[in-house]
Amino acid sequence: MRDISKLSGHAFISISDLIGNRCRHLIQSGRIITRRMTEIPPLIERGEKVTIQMVKGRLTITSSGIARQDGWLGDRIRIRTPQSQRELLAMVRGEQTVEIHF
């Protein structure tokens with residue numbers, strides 16, 4: 001038991017509250033873990049292969065690409081297409097999936 005009343009930030013009360021999070025930096029043994037020390041991992045990580053869905057109206061074309069930056073749901077990230085080596089902006093729609101409307 002430890003007194004957390006003077007702790008800056010919100011501490012995790014239960015180990016189950018940490019499920020799905022990752023540490024932002026090394027946490028020393030014995031430290032109280034706060035929300036500022038953790039983050040939800042991105043759905044897409046830089047360098048990862050992604051599926052690109054190019055959408056226009058009812059038409060959807062699917063291709064592949066490489067993420068140039070990390071992204072969470074709804075983020076706009078840069079991707080590179082291996083065929084043309086062009087960089088495009090796409091919206092993160094899910095794990096390893098981005099979408100471009102044209």
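Residues numbered from 1 in each chain as written. Predicted model: local features only at pLDDT ≥ 70, side-chain atom pairs only at ≥ 80, totals over all residues. Heavy atoms only, no water.

Turning to the overall build of the chain, a few remarks are in order. A tally of regular secondary structure across the chain gives zero helices and seven strands. Here the C-alpha radius of gyration of the chain, 19 Å, is well above what a compact globule of 102 residues would show, namely 13 Å. Along the first, second and third principal axes, the C-alpha atoms of the chain reach 60 × 25 × 20 Å. Split into buried and exposed, the 102 residues of the chain put 25% on the buried side. The contacts in the chain between residues at least 6 apart in sequence include a share of 32% that link residues at least 24 apart. Accessible surface, the chain as shown: approximately 7,600 Å² in total, 51% of it carbon and sulfur. Seen as two clouds, the 17 positive and the 10 negative side-chain charges of the chain have centres 5 Å apart. (Helix = DSSP H or I, 4+ residues; strand = E, 2+ residues; numbered from the N terminus. Rg over C-alpha atoms; globule rule 2.2 N^0.38 Å. Buried < 20%, exposed > 50% of the residue type's maximum accessible area, 1.4 Å probe, protein only. Contact = heavy atoms within 4.5 Å. Areas by Shrake-Rupley, 256 points an atom, 1.4 Å probe, with all protein chains shown as cover. Lys, Arg positive; Asp, Glu negative; His and termini not counted. Charge placed at Lys NZ, Arg CZ, Asp CG, Glu CD.)

What follows concerns the pairing of strand β5 (residues 76-80). Of the two faces of β5, only the one carrying Ile77 and Ile79 is buried; Arg76, Arg78 and Arg80 on the other face are not. Note that strand β4 (residues 59-67) and β5 share two bridges and pair antiparallel. Of the residues in β5, the one forming a bridge with Ile66 is Arg80. Strand direction decides the pairing type here: β5 and strand β6 (residues 87-94), joined by five bridges, are antiparallel. Opposite Arg76, over in β6, you have Met91 as the bridge partner. In sequence, β5 turns back onto β6 through a hairpin of six residues, with Gln85 there showing a positive phi of about 60 degrees. (Pairing = 2+ DSSP bridges.)

Summed over all chains, the structure comprises six salt bridges. The salt bridge partner of Arg78 is Glu87, with a shortest N-O separation of 3.7 Å. For Arg78, a relative accessible area of 36% puts it in the partly exposed group. (Salt bridge = Lys/Arg side-chain N within 4 Å of Asp/Glu carboxyl O.)

Turning our attention to the side chain of Thr34. As for its position among the elements, Thr34 is in the loop between β1 (22-23) and β2 (38-39). Looking at Thr34, the relative accessible area reads 6%, which means it is buried. Non-local contacts of Thr34, meaning those with residues more than four positions away in its chain, are made with Leu7, Ser8, His10, Ala11 and Phe12.

Okay, the sheet that holds strand β3 (residues 49-56) next. The five strands are arranged β3-β4-β5-β6-β7 in a closed barrel whose pairing can be described as mixed. With strand direction ignored, the average angle separating the axes of adjacent strands in the sheet is 50 degrees. (Axes fitted to C-alpha atoms, helices over the stretch in contact; angles between N-to-C directions.)

This paragraph deals with the nonpolar core. Judged by nonpolar contacts, Ile44, Val50, Ile52, Ala67, Ile77, Ile79, Ala90, Val92, Val98 and Ile100 together constitute the single largest core of 10 residues. Those residues in contact with Val50, other than ones at most four positions away along the chain, are Ile44, Ser63, Ser64, Gly65, Ile66, Ala67, Ile79, Gln96 and Val98. (Core = buried A, V, L, I, M, F, W, Y, C linked by side-chain atoms within 4.5 Å.)

Quick look at the pairing of β6 now. Consecutive side chains along a regular strand alternate between the two faces of the sheet. Bridge count between β6 and strand β7 (residues 97-101): three bridges; the pairing is antiparallel. Looking at β7, one finds that Gly94 is bridged to Thr97. Hairpin connection of β6 to β7: two residues between the antiparallel strands, including Gln96 at a positive phi of 60 degrees.

So, to be careful, I would describe these as geometric facts and stop short of saying anything about function.
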